[in-house]
Amino acid sequence: MTSAQIRQSFLDFFASKQHAIVPSSSLMPTAPNLLFTNAGMNQFVPYFLGDQPAPWKRVADTQKCIRAGGKHNDLEDVGFDTYHHTMFEMLGNWSFGDYFKKDSLTWGWELLTKVWGIPPKRLFATVYSPDKSKGDPSDFDQEAYDIWAGIFKAAGLDPAVHIINGNKKDNFWMMGDTGPCGPCSEIHFNLLPSDDEQAGRALVNSSSPRCIEIWNHVFIQFNANADGTFAPLAAKHVDTGMGFERVAGIHATTQGFKDFSAEPSNYNADVFKPTFEKIAALSGKTYTGTVPTERTGLTEQQQIDITFRVLADHARCVSCAIADGILPGNVDRNYVIRRILRRGIMYGQKNLGLPTGFFEQLVAPVIESLGGVFPELHTQRTMIERAIRAEEESFGRTLSNGLRLFYDKLHNVAYIGLDETNRVRGALAFELYDTYGFPLDMTQLLAAENGLTVDGVGFEAEMEKQRERGRLARKTDVIVAATEGDAKAEATKFVGYEIDSTHATHAKVIDVVKSEKDTYLVFDQTPFYAEMGGQVGDSGDAQINGAKVDILDCIKDKSGRHLHRVAKDTAISAGATATLHVDLHRRRAINRHHSAAHLIHWALRKMLGTHVRQFGTHKTPYRMRFDFTHFEALTAAQIKECEQLINGKILENDRVVSAEIEYAKKPEDVLAFFGDKYGKYVRLVDIGGFSKELCGGTHVTTTGEIGVIKIVAEMAIAAGTRRIEAVAGQAALDHIAAKEAALAIVSARLGAGVQDVAQKFESVLTHQKELEKKLKAFEAKASAGLAEELAAAAVAKDGLKWVSAVVTSENQDALRSLGSQVLHKIGPGAVVQLGAVLDGKVSLVAYCSPEAIKAGHAAGKLIGALTAKLGGKGGGKPDYAQGGGGDATKLAEALKL
């Protein structure tokens, strides 16, 4: 079987068991605490938590996963062995409250032994057995043990040999510190040349590549509570995961699970073949499959083979990530993708001699091998190649700077790059890693080439400091599953989506919350929108006990209650009745900017491509900002096109419709955003049928209400992330009026009509340049005259001609130019030292002719002596030096010969 046939046979097998086959979810996770989608189960978490009902009882798929950065990080191992990857496919099958352990394990055995033909004798199973001395949760998984015992006995095998107990570390799965969890049962595959059962058993969970876990069956039956207890789940689920590349690689290495003499390698799978062939064609090198036992003292062929594996893996990872909208950048997941891409570029350039631009050429073979199962690679190909090309060009400069830093700091006495044991300091290795994207193994390689090693402990210490900074900043949630007898806190009922000038909401104060600075009122229902999703909260007033109370802002607490901020000294008690009024003028201005953000998002995706994703927004009554993923600045023409698209839709006065729908039933063309958590029901905002987004904010009812949108700025906020700032409605009209007023002033000053301002301004600039050119000519003539005068006044000393004077100069460049002119006018045997006061600070230059240098003089020494007298600093070469600072009142005295 080919790799593609293995993948398809897995899906076909579970389709025959009444599983729905679903597509891979994006590598951009929906969970806020994940960098990437890193397991097949990620997209199904809401069903495990009970937040949403599962639309299927049984599901199977192949899921793209990235494990680099964060809790799971295989990056530094990639290339040095044959089984680690940054990006891999996870084959999996799931049951949501349907079948459980018996069907899961027996079907797994059937696929492996009957369909694929893996020899049963080579398979071992692990079951959960808690170590109570270490506080392991729950009890021995007797149910799984009994199922396996029956399976192995039926195959004529001894359960006592083929079943191994495992503790919490290996055989108990948890989503996090809290949330769904349960025992798991792993299937291990003996890949030794011999099928000796005792030898195979001894290698289970020993990290040996000759006996590896091939399939993990997780039985989700508990919820881990924050207090450390475990409660049974209302519905029990199955979550399994199998490494696709691992299975395909073993199949290829063993000639269809028949010949186990060769060392196993995932990279033997034909899914890597097109990329290997392209790397060979570009480099003229051949992959031989060598694997090092150490990371130092590598042979040339080992370096070549490591690089082939690095490039094949990293090209897949980067291409798939960019196709899902994760572009190389400076923060979070975008930074991880940048590091992976740069690591690949560095290996290719250093070990294979590949020129800048080679990595982009690896996109085509990746699409050849994966485009059939992940069609987004085809649709996003142009964007993937352009993003990689831009990063390659940028890193070409960064790589040179990083190498220069390494060698400069290695031998610079001012910065001791080596520690007392002659190792490269961990701080230097970390600086190269953090600033220039040098992975530790590349710094180790550079060090080895210089007969050195790297302080890995020091590097790890710096890494841990960075991780701690990340942990403090990371967004985390306590995950709570729907356990038996669980009740959820009640959020404030929001009734403010459709309000007008006649609307008033009658409510009751149910709580008063006081903080150190503020007082907040909580009502049983409210029309006030609480700040969320980038939209600011409403303001307005409440009539309570016959008095008007100003509501200054509205925010939401973790339980979903709307907190209405009032003056700190407000004296109101729970139980009071109130009539609530939202500031409708302000709300409508916010609505315009929020709907404008949706229109801008639609226009950018239409213009630039579907890789454009909202990365953050902020909507106020006065302006809005929209952050989005894109790899280059928008041109003036593109900004104009964007404005024309969105204002065209405003003129069409399309309807804006909002409706609550079930998240599981949302149409395919509806946009949802990473980092957001969605419940069972979500709000869909549909603008004219062309823009559909999940959004809980407030909006206009027709696009015509927006009036007009003007983009006022476009900028980069990080690599791979751009920002647009725009104004809508009255704010846009005010902006246009201010621009027109400024233009009228300029027009009047230039004495030109509005239509002629640009032409007249160009004329003024041209005239200014001509005047500046004439001024420079006069200054040059004056400088030449001064140089002539100074040269004529040269003093003979020690057989040389000396000029030492205080002069007047416009700037440092002019001072240098004057000194050079004096030197050339004097001719052979000249020494020149000049000083000037520029902006209140002393500036010095010194020149020595070859004859003066031969006589023992040096410009650097002259400047050193002068600055010592003045209390400044400076230096340079024997023929030219400069310095400055110090006491200007002593300048003339210091320059006396």
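Residues numbered from 1 in each chain as written. Predicted model: local features only at pLDDT ≥ 70, side-chain atom pairs only at ≥ 80, totals over all residues. Heavy atoms only, no water.

Caption draft 1: Just the packing of helix H1 (residues 3–15) against helix H3 (residues 101–115), in detail. Running from N to C, H1 and H3 cross one another at 130°; their axes reach a closest spacing of 11 Å. Judged by the inter-axis angle, H1 sits oblique to H3. For the pair H1 and H3, the crossing hand works out as right-handed. Across the interface between the two elements, Ser 9, Phe 10, Phe 13 and Phe 14 from H1 touch Trp 107, Glu 110, Leu 111 and Val 115 from H3. Partitioned by chemical class, the residues of the contact of H1 with H3 number six nonpolar, one polar and one charged. (Axes fitted to C-alpha atoms, helices over the stretch in contact; angles between N-to-C directions. Helix = DSSP H or I, 4+ residues; strand = E, 2+ residues; numbered from the N terminus. Parallel < 35°, antiparallel > 145°, perpendicular 65-115°, else oblique. Left-handed = near helix turned anticlockwise from the far one by under 90°. Contact = heavy atoms within 4.5 Å. Nonpolar A, V, L, I, M, F, W, Y, C, P; charged D, E, K, R; others polar.)

Caption draft 2: The arrangement of the confidence of the model for the protein in detail. For the protein, per-residue confidence averages 89 on the pLDDT scale, and 95% of positions sit at 70 or higher. Below a pLDDT of 50 lies the segment residues 473–487, which in the model reaches 31 contacts outside its immediate sequence neighbourhood of four places, other chains included. (pLDDT = per-residue confidence, 0-100.)

Caption draft 3: Quick peek at unusual backbone geometry. Here Ser 207, not a glycine, exhibits a phi torsion of approximately 65°, which is positive. Note that Ser 207 resides in the loop between helix H7 (197–202) and strand E8 (211–224). Ser 207 gets classed as exposed once you look at its relative accessible area, which sits at 66%. The phi torsion at Asn 545 lies on the positive side, around 55°, for a residue other than glycine. Looking at the element boundaries, Asn 545 is found in the loop between strand E16 (540–544) and strand E17 (547–551). (Buried < 20%, exposed > 50% of the residue type's maximum accessible area, 1.4 Å probe, protein only.)

Caption draft 4: Summary view of the state of the cysteines. Scanning the entire structure with this criterion turns up zero disulfides. Note on Cys 695: no disulfide assigned, nearest cysteine sulfur contributed by Cys 554 at a separation of 16 Å. (Disulfide = S-S within 2.5 Å.)

Caption draft 5: Representation of the pairing of strand E30 (residues 830–838) within the structure. E30 sits mainly inside the fold: eight of its nine residues count as buried. Relative to E30, strand E29 (residues 800–806) is paired through six bridges, and the arrangement is parallel. Residue pairing across strands places Lys 801 opposite Ala 830, the latter belonging to E30. Crossover connection from E29 via helix H22 (residues 812–826) to parallel E30: handedness right-handed. Here E30 pairs with strand E31 (residues 841–848) via eight bridges, running antiparallel. When the bridges of E31 are listed, Gly 835 appears paired with Leu 844. (Pairing = 2+ DSSP bridges. Right-handed = clockwise from strand over helix to strand, strands pointing away.)

Caption draft 6: Structural view of the pattern of salt bridges. Inspection of every chain in the model, using the stated rule, returns 33 salt bridges. Here Arg 423 makes a salt bridge to Asp 455, at a shortest N to O gap of 3.6 Å. Within this pair, whereas Arg 423 is found in strand E10 (residues 423–424), its partner Asp 455 is found in the loop between strand E11 (453–454) and helix H17 (456–473), the two being separated by 32 residues in sequence. Residue Lys 825 pairs with Glu 788 through a salt bridge whose shortest N-O separation is 3.3 Å. Here Lys 825 is found in helix H22, whereas its partner Glu 788 is found in helix H21 (residues 757–792), with 37 residues between them in sequence. Among the residues examined, Glu 788 registers a relative accessible area of 47% and is labelled partly exposed. Through salt bridges with shared partners, one network takes in Lys 64, Asp 324 and Glu 376. (Salt bridge = Lys/Arg side-chain N within 4 Å of Asp/Glu carboxyl O.)

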